[in-house]
Amino acid sequence: MARGDRDHEELNMADPAPFVIDPTGRDIRGEADRIRELGLAARVELPGGVRAWAVSGQEPLRRLLTDDRVSKDAFLHWPAWIKGEISPEWPLFAWVAVRNMLTAYGPDHRRLRGLVSSAFTVRRTAALRPRIEAIAAELLAGLPGGTVVDLRERYAYPLPIRVICELFGVRDEGSREEIRRCVDAFFQTGKAGVDTADAFPRLQGILRELVAEKRERPGDDLSSALIAVRDDDSRLSEDELVDTLVLFLSAGHETTVNLLDNAIYALLTHPGQLALVREGRVTWEAVIEETLRNQAPIANLPLRFAVEDIDLGDGLTLRAGDPILACYGAAGRDPQVHGRDADRFDLTRAVKEHMAFGYGVHRCLGAPLARLEAAIALPALFRRDPVLAAEPGGLLPLESFISNGHRSLPAVLSP
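Residues numbered from 1 in each chain as written. Predicted model: local features only at pLDDT ≥ 70, side-chain atom pairs only at ≥ 80, totals over all residues. Heavy atoms only, no water.

Peer 1: What should I look at first to understand the environment of glutamate 254 in this one?
Peer 2: With respect to the helices and strands, the residue glutamate 254 is situated in helix α15 (residues 238-268). A C-alpha to C-alpha distance of 9.6 Å links glutamate 254 and arginine 180, two positions 74 residues apart in sequence. In contact with glutamate 254, not counting residues within four places along its chain, are Arg152, Tyr157, Asp184, Phe187, Ile298, Leu398 and Ser403. (Helix = DSSP H or I, 4+ residues; strand = E, 2+ residues; numbered from the N terminus. Contact = heavy atoms within 4.5 Å.)

Peer 1: Help me understand the side chain of glutamate 166, please; the structure alone is not making it clear to me.
Peer 2: By the element assignment, glutamate 166 lies in helix α11 (residues 158-167). For glutamate 166, a relative accessible area of 17% gives the class buried. The contacts of glutamate 166, once residues within four sequence positions are left out, are Arg131, Ile135, Arg171, Arg176 and Asp221. (Buried < 20%, exposed > 50% of the residue type's maximum accessible area, 1.4 Å probe, protein only.)

Peer 1: Help me understand empty space enclosed by the protein, please; the structure alone is not making it clear to me.
Peer 2: Over the atoms rolls a probe the size of a water molecule, and in doing so it shows where empty space is left. All chains considered together, the criterion is met by four cavities of 30 Å³ or more. Estimated volume of the largest cavity: approximately 620 Å³. Forming the boundary of the largest cavity are 36 residues, of which Leu102, Leu247, Ala251, Thr255 and Cys364 lie nearest the centre. Where the lining of the largest cavity is concerned, the elements lending two or more residues are α6 (93-97), α12 (173-187), α15, β6 (301-306) and α20 (367-382). At eight residues, α15 tops the list of elements feeding residues into the lining of the largest cavity. (1 Å grid on protein atoms, 1.4 Å probe; cavity = no way out; pocket = protein on both sides within 12 Å on 5 of 7 lines; lining within 4 Å. Points joined across faces, edges and corners; volume = space filled by probe spheres on them.)

Peer 1: For this particular structure, what's the right way to read the side chain of serine 403?
Peer 2: Assignment of secondary structure puts serine 403 in the loop between β10 (387-388) and β11 (410-412). Given a relative accessible area of 1%, serine 403 falls into the buried group. One polar contact links serine 403 to asparagine 258, side chain to side chain, over a distance of 2.7 Å. In contact with serine 403, not counting residues within four places along its chain, are Ile28, Phe187, Glu254, Asn258, Pro297, Ile298 and Leu398. (Polar contact = N/O pair within 3.5 Å; in protein donor to acceptor, adjacent residues only side chain to side chain.)

Peer 1: Explain the sheet that holds β10 here, please?
Peer 2: Pairing between sheet strands relies on hydrogen bonds along the backbone, with the strands arranged either parallel or antiparallel. In space, the three strands of this open sheet follow the order β5-β11-β10, with antiparallel pairing throughout. Taken across any chain shown, the strands that pair with only one partner, and hence form the sheet edges, are β5 (148-150) and β10. Where β5 and β11 come together, three bridges link them in antiparallel fashion. Looking at the pairing, valine 149 lines up with alanine 411 of β11. (Pairing = 2+ DSSP bridges.)

Peer 1: Hey, could you run me through the pattern of salt bridges in this one?
Peer 2: It is possible for side chains bearing opposite charge to pair when their charged atoms get close. By the definition in use, this model includes 32 salt bridges. Here arginine 215 ties to glutamate 238 by a salt bridge, and the two come within 2.9 Å at their closest N and O atoms. Placement of the pair is arginine 215 in helix α13 (residues 196-216) and glutamate 238 in helix α15, with a sequence separation of 23 residues. Several salt bridges converge on common partners, so that one network encompasses Glu290, Arg293, Asp341, Arg344, Asp346 and Arg349. (Salt bridge = Lys/Arg side-chain N within 4 Å of Asp/Glu carboxyl O.)

Peer 1: When you look at the sheet that holds strand β9 (residues 323-326) in this model, what are you seeing that I'm missing?
Peer 2: Read across the sheet, six strands follow the order β1-β2-β3-β9-β6-β4 without closing on themselves; strand pairing throughout is mixed. Two strands in the sheet have a free side with no partner beyond their single neighbour: β1 (19-20) and β4 (70-71). With two bridges connecting them, β1 and strand β2 (residues 42-45) associate as parallel partners. Bridge pairing links phenylalanine 19 to valine 44 in β2. Relative to strand β3 (residues 51-55), helix α3 (residues 58-65) is tilted by about 120°, and along the sheet it contacts β3, β4, β6 and β9. (Axes fitted to C-alpha atoms, helices over the stretch in contact; angles between N-to-C directions.)

Peer 1: I keep staring at the state of the cysteines and nothing clicks. Help me out?
Peer 2: Under the definition given, this model contains zero disulfides. Cysteine 182 forms no disulfide, and the closest cysteine sulfur to it belongs to cysteine 165, at a distance of 12 Å. By relative accessible area, which is 4% here, cysteine 182 ends up buried. Here cysteine 364 stays free of any disulfide, with the sulfur of cysteine 165 as its closest cysteine sulfur at 16 Å. (Disulfide = S-S within 2.5 Å.)

Peer 1: Help me understand the packing of aromatic side chains in this model?
Peer 2: How two aromatic rings sit relative to each other is given by the distance of their centres and the angle of their planes. Scanning the entire structure with this criterion turns up nine aromatic pairs. Arranged with centres 6.3 Å apart and planes meeting at 15°, the rings of tryptophan 78 and tryptophan 81 form a pair that is stacked. Using a relative accessible area of 10% as the deciding quantity, one classes tryptophan 81 as buried. Aromatic pair tryptophan 81 and phenylalanine 93: ring centres 5.1 Å apart, planes at 35°, arrangement tilted. Highlighted residues: tryptophan 81 in helix α5 (residues 79-82) and phenylalanine 93 in helix α6, separated in sequence by 12 residues. Residues tryptophan 81 and phenylalanine 93 agree in their burial class; the two are buried. Members of the aromatic cluster, connected to one another through ring pairs, are Phe75, Trp78, Trp81, Trp90, Phe93 and Phe305. Across from the ring centre of phenylalanine 75, 3.9 Å away, lies the NZ or CZ of arginine 99, which sits over that ring. One cation-aromatic arrangement involves arginine 180 over tyrosine 157; the distance from NZ or CZ to the ring centre is 3.7 Å. (Phe/Tyr/Trp six-rings, centres within 6.5 Å; stacked < 30°, edge-to-face > 60°. Lys NZ or Arg CZ within 6 Å of the ring centre and 35° of its normal.)

Peer 1: Teacher, can you tell me more about the layout of surface pockets here?
Peer 2: Estimated volume of the largest pocket: approximately 420 Å³. As for the largest pocket, its lining consists of 20 residues, and the residues nearest its centre are Arg29, Tyr265, Gln295, Gly393 and His406. Counting only elements with at least two residues in the lining of the largest pocket, the list comes to α2 (28-37) and α15. Examining the composition of the lining of the largest pocket, we find that three residues originate from one element, α15, more than from any other. In the lining of the largest pocket, the residues fall into six nonpolar, 10 polar and four charged. (Nonpolar A, V, L, I, M, F, W, Y, C, P; charged D, E, K, R; others polar.)

Peer 1: I keep staring at the pairing of β6 and nothing clicks. Help me out?
Peer 2: Regular strands place their side chains on alternate faces of the sheet. With respect to burial, β6 is a largely interior element, six of its six residues being buried. Where β4 and β6 come together, two bridges link them in antiparallel fashion. By the bridge assignment, valine 70 is partnered in β6 with alanine 306. Here β6 runs beside β9; their pairing, made up of three bridges, is antiparallel.

Next up, the structure:
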């Protein structure tokens, strides 16, 4: 297990007791509100006893995400990691152990993002539209009308994972299921019996096999494109290539699954808002952006690190090496930006600013794909006129303080 930051023992002892994050995410919105009330940055305790600063306001979070004194590279800037005090059994180990553009800093990040961007192009994303439409139609055709179906399991989940696996050329159904199990383990921070220590190396192993296969038989897919970049440019190491695939195959579907899940739930529990969409008074784009603002798919993203002491103002200083938790969900509902009704789902809201896809140099490259999938999948589903089959507010959240959605979404569709 993690043992925390020994370099900051004296600081931690002087601090008031930290806010202990519930790893199950049972009250993820309520926790966001309470963390916000603690000020510019709140001292929190993550699973495994690791202490961090949680930043929940849009303005201070934007400042930190564009500050060169903030890094995502634990190998360079987290003393506890550098000293070997964080073991593979720590539930968040995979979030900082990967070596890709998610965790890179400075020149390394610019190098990796530039190389990956050359393969993950706007043209390649736009070309997926017919395939996404076909997958949505196929999934909807398989859903029976007049009986309860789990829209998360039968629609919101399989659509993005099929899209991302096809994009990367993962054809084998067994590999897809194994990838899903491993990725789920990264996000299920509060689920009993989930072996996060095994999931990360297992996923790396699957993707090393994929890389070997694509080198022998390249195709018109993103894995082959990244391998070509790697083989033509020694600036991308083999480990970075594999961990880049880890990034896209995990973040590339989890974010979209929760976006679809949360949008469906919001519309089914706000019939007045749904009526506005059906009447053409608001667009599906408004649905997507308000959902991203109101219920960010990734509520809290670990971890960043202060490269040097950072004065936040109000007498608060982040010390060099301090971990930082980006609270994207809370930032989307910041009353300083969205007013007293920031918690309300309102498609007519004039300002829908959010940070659901990050901000600054680490802004998600896959955001256009997630928006495209939602713009196709949501109207296709609501043409089937679903009705929620559970009491509003009675659905269980995911067992995670990172991933923000529901464990299931039971609904009845028209025949």
